[in-house]
Amino acid sequence: MSSWVQILLDFIWASSGLALVAFSLGLILGELRIVNIAQGDLMMVGAYSMYAMRGLPFLIALPLTFVVGFVLGLVLERGVLRWVYDKGFMTTLLATWGVGIILQQGVATVFTVSQKGIDPPLKGLIEIGDVVYPEYRIAAAAGIIALLTILLLVLYRTALGLRLRASIDNVEMAAVLGISPQRMFAMVFALATALAVLAGALIAPTIAINPTLGLSFLAPAFFAVLISKPGSLGGPVLGAVAVEFTFTLLQAYLNITVAESILFGLLAIFIVLKPQGITWSWITAREEAS
Amino acid sequence: MLFAAHDIAGGYGAIHIVRNISFELDAGDTLALLGRNGMGKTTLLRTLVGLADRFAGGVAVDGKPLPPRNPRALARLGVTFVPDDRGVFARLTVAENIRLAQLAAYGETAPDVYALFPDLKRRMLQPAGTLSGGQQQQLAIARALATAPRLLIVDELSQGLQPSVVEDLARALIEVTGQSGLALILVDQNPKLAMRICDKVMVMQRGEVVASGSSAMLGSDPRFFDLLIVS
Ligand SMILES: Nc1ncnc2c1ncn2[C@@H]1O[C@H](COP(=O)(O)OP(=O)(O)O)[C@@H](O)[C@H]1O
Ligand SMILES: [Mg+2]
């Protein structure tokens, strides 16, 4: 009994973090038709940003880190990505890969490669039955769930969200209806970057911080996006829950390496068998149109 | 002068498809653009609205020249476009498609598009991608009209649609252009239909305009139909 409460809490914690990253990855893929390989490295930037601001109160460092992420996103979109949109899918993939490497190297240069850590702002433990669980994880998971709810409400209930979904659906016709693709692309990339950075910031107190930490988050987030419908914005969130649920189940019975291998094997099979998932032709369709 | 195109050359990337195209439209003018398949009608429309490349010439609204490849600049001046694939936002509902147009409206008084197309009113909450071809074309036209435009540009109104649906669409266009001073550029494979809706005609061949005049005049000239017959 107690072990199941523990597993459930771990599952909620892990899937909320993954959901935020998958949501941001899905947003970029949907609007810009780019797979952002650097998404995990952006999380890493968020963790280091919190480390750099460890002298400040957590609730002040967190929004500052979000702002850092937003500005970084704007700089990357205006400075790098917009030059490669019409150069084909492979070029954009390489461009974001390069951005990831630069971020890793940059951080390693400034902070060295030695592991860092930060204290959680809440150090207490919550007792549920005979399970004790860190307060911070429960608070952070609740915060992420609230944030995702607000984001989805904005996307599906406001004029701004309507414009964004239209632009994801058909960027040319959105332009005919007065919606600037350039502005949408910049805004979406900046927001998605800020969200990935924020996810890294929230996870930071629970992990060992090093320049390559993003790697382990990228693959599951990518799978969470791939198993959802193309262009869907809520889909990656559900995808993240599904990926983490499967992983949690496997991990309950197997050691972590075996569990991970089986998980990625299962996901690969699922993606091959699932015809309405994101396909190559969907990603590249816009290149032909423009 | 509402809309003027002079000496337009356009195409895609480095490929020049249309050239030497000039015409002018006043409020309420209706122009049918005819020609066989592959003659450059779609390319001309897309060049005009900024979705294809303009290599030479100018487009002006109210005498004000417009930048190339900028559909938003035309939208802001009340020029809107219905592409040959209808271009509905497939994942958005019918109501959301219309709402977007209302958010982007140029004029104050858009026609009541749900009254014009009652079918759409019944399907307001349906994703546009699940509509039939005819319904999607109704939605595309309705969405364009909901922007309260001054100039509506339609590529292939009747293509692939049943005669009864085409008749409804034609009646709607005749009604709105007749009442409101809305100008229209219409491309259609059916010259009789296009000339019933439009007062003026332009015929394209291999990227250039080879005949133009009033629908009444050209419609009674046998050589005119020769230009349109697939040989
Ligand atoms: N995206 C494109 N790139 C290059 N050439 C094109 C493209 N689209 C159409 N064409 C060519 O332009 C010519 C005119 O096509 P189009 O404007 O579609 O004619 P129409 O609408 O009169 O049938 C055709 O020869 C066609 O092959
Ligand atoms: Mg055509």
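Before reading on, note that the structure itself is shown above.
Residues numbered from 1 in each chain as written. Chains lettered and ligands numbered in written order. Predicted model: local features only at pLDDT ≥ 70, side-chain atom pairs only at ≥ 80, totals over all residues. Heavy atoms only, no water.

S.K.: Which parts of the structure should I look at to understand the site of ligand 1?
M.R.: Residue and element names in this part refer to chain B. Near ligand 1 you find Tyr12, Ile15, Ile17, Arg36, Asn37, Gly38, Met39, Gly40, Lys41, Thr42 and Thr43, and these make up its full shell. Glycine 38 is positioned such that a nitrogen or oxygen atom in its backbone is 2.7 Å from an oxygen atom of ligand 1. Here threonine 43 contributes a side-chain N or O atom positioned 2.5 Å from an oxygen atom of ligand 1. Protein chains shield 60% of the accessible area of ligand 1, which is 560 Å² for the free molecule. (Near = heavy atom within 4 Å. Polar contact = N/O pair within 3.5 Å; in protein donor to acceptor, adjacent residues only side chain to side chain. Areas by Shrake-Rupley, 256 points an atom, 1.4 Å probe, with all protein chains shown as cover.)

S.K.: Help me out: how do you make sense of helix α7 (residues 163–180) of chain B in this one?
M.R.: Every α-helix carries 3.6 residues per turn, so stepping three or four residues along brings you back to the same face. Residue and element names in this part refer to chain B. In this model, α7 (18 residues) spans 26 Å end to end at C-alpha, consistent with the 26 Å of a helix rising 1.5 Å per residue. Among all positions in α7, only Val165, Val166, Leu169, Ala170, Ala172, Leu173, Val176 and Thr177 are buried. All buried residues of α7 lie within an arc of 160° about the axis, which places them on one face of the element. Seen from the open side of α7, the exposed residues pointing more than 90 degrees away from its buried face are Pro163, Gly178 and Gln179. (Helix = DSSP H or I, 4+ residues; strand = E, 2+ residues; numbered from the N terminus. Expected span 1.5 Å × (residues − 1). Buried < 20%, exposed > 50% of the residue type's maximum accessible area, 1.4 Å probe, protein only. Arc of directions from axis to C-beta.)

S.K.: Sorry if this is basic, but what is going on with the sheet that holds strand β9 (residues 200–205) of chain B here?
M.R.: Pairing between sheet strands relies on hydrogen bonds along the backbone, with the strands arranged either parallel or antiparallel. Residues and elements named next belong to chain B. Spatially, 6 strands are ordered β6-β7-β8-β3-β9-β10 in an open sheet, and the strand pairing comes out mixed. Only two strands of the sheet have a single partner each, and these edge strands are β6 (79–82) and β10 (208–214). Direction aside, neighbouring strands of the sheet carry axes that sit 15° apart on average. Pairing geometry for β9 and β10, over 6 bridges, is antiparallel. Bridge pairing links valine 203 to alanine 211 in β10. Relative to the sheet, helix α1 (residues 41–49) contacts β3 (30–34), β6, β7 (151–155), β8 (183–187) and β9, its axis offset from that of β7 by approximately 145°. (Pairing = 2+ DSSP bridges. Axes fitted to C-alpha atoms, helices over the stretch in contact; angles between N-to-C directions. Contact = heavy atoms within 4.5 Å.)

S.K.: Explain unusual backbone geometry here, please?
M.R.: Peptide bonds are mostly trans, and most non-glycine residues show a negative phi. All names here are of chain A. In this structure, arginine 33 is a non-glycine residue whose phi angle is positive, near 55°. Along the polypeptide, arginine 33 turns up in the loop between α1 (2–32) and α2 (39–52). Among the residues examined, arginine 33 registers a relative accessible area of 10% and is labelled buried.

S.K.: Looking at this model, I keep getting lost on the environment of threonine 93 of chain B. Mind explaining?
M.R.: Residue and element names in this part refer to chain B. Tracing the backbone shows threonine 93 in the loop between β6 and α3 (94–103). According to the relative accessible area criterion, threonine 93 is buried, its value standing at 16%. C-alpha of threonine 93 to C-alpha of alanine 128: the two residues are 35 residues apart in sequence and 5.3 Å apart in space. When near neighbours in sequence (up to four residues on either side) are disregarded, threonine 93 contacts Met124, Leu125, Gln126, Pro127 and Ala128.

S.K.: Honestly, the sheet that holds strand β4 (residues 53–61) of chain B in this entry has me stumped. Any pointers?
M.R.: All names here are of chain B. One open sheet accounts for 4 strands, arranged β2-β1-β4-β5; its pairing is antiparallel. Every interior strand has two partners, whereas the edge strands, β2 (15–25) and β5 (64–65), have only one. As judged from the 7 bridges shared by strand β1 (residues 3–12) and β4, these two strands associate in the antiparallel manner. Across the sheet, the residue bridging to glycine 10 is arginine 54, located in β4. Contacts from α1 reach β1, β2 and β4 within the one sheet, and its direction differs from that of β1 by about 115°.

S.K.: Please explain the nonpolar core as it appears in this structure.
M.R.: Where a protein is soluble and globular, its nonpolar side chains tend to be buried together. Grouped together as the largest cluster of nonpolar side chains are 171 residues, with contacts concentrated most on Phe3, Phe23 and Leu48 of chain B. At 14 residues, α1 of chain A tops the list of elements feeding residues into this core. Once residues within four sequence positions are removed from consideration, leucine 48 of chain B is found in contact with Phe3, Ala5, Ile8, Phe23, Val59, Leu74 and Ile185 of chain B. (Core = buried A, V, L, I, M, F, W, Y, C linked by side-chain atoms within 4.5 Å.)

S.K.: Before we go on, may I ask you to explain the interface of chain A and chain B in this structure?
M.R.: Accessible area lost upon the coming together of the parts is a frequently used measure of interface size. Counting residues at the interface gives 20 residues for chain A and 22 residues for chain B. One salt bridge connects glutamate 96 of chain B with arginine 165 of chain A, and the closest N-O pair in it is separated by 2.8 Å. Elements with a contribution of two residues or more to the side of chain A that touches chain B: α6 (159–169) and α7 (171–176) of chain A. (Salt bridge = Lys/Arg side-chain N within 4 Å of Asp/Glu carboxyl O.)

S.K.: Just checking my understanding: could you explain the packing of α6 of chain A against α3 of chain B for this structure?
M.R.: When two helices pack together, their arrangement is given by the angle between the helix axes and by the axis-to-axis distance. As a packed pair, α6 of chain A and α3 of chain B sit with axes 10 Å apart at the nearest point and diverge in direction by 110°. Here α3 of chain B runs roughly perpendicular to α6 of chain A, going by the angle between their axes. Relative to α3 of chain B, α6 of chain A is oriented so that their crossing is left-handed. On the side of α6 of chain A, the interface is formed by Ala159, Leu162, Arg163, Arg165 and Ala166 of chain A, while α3 of chain B contributes Glu96, Arg99, Leu100 and Leu103 of chain B. For the contact of α6 of chain A with α3 of chain B, a count of residues per class yields 5 nonpolar, no polar and 4 charged. (Parallel < 35°, antiparallel > 145°, perpendicular 65-115°, else oblique. Left-handed = near helix turned anticlockwise from the far one by under 90°. Nonpolar A, V, L, I, M, F, W, Y, C, P; charged D, E, K, R; others polar.)

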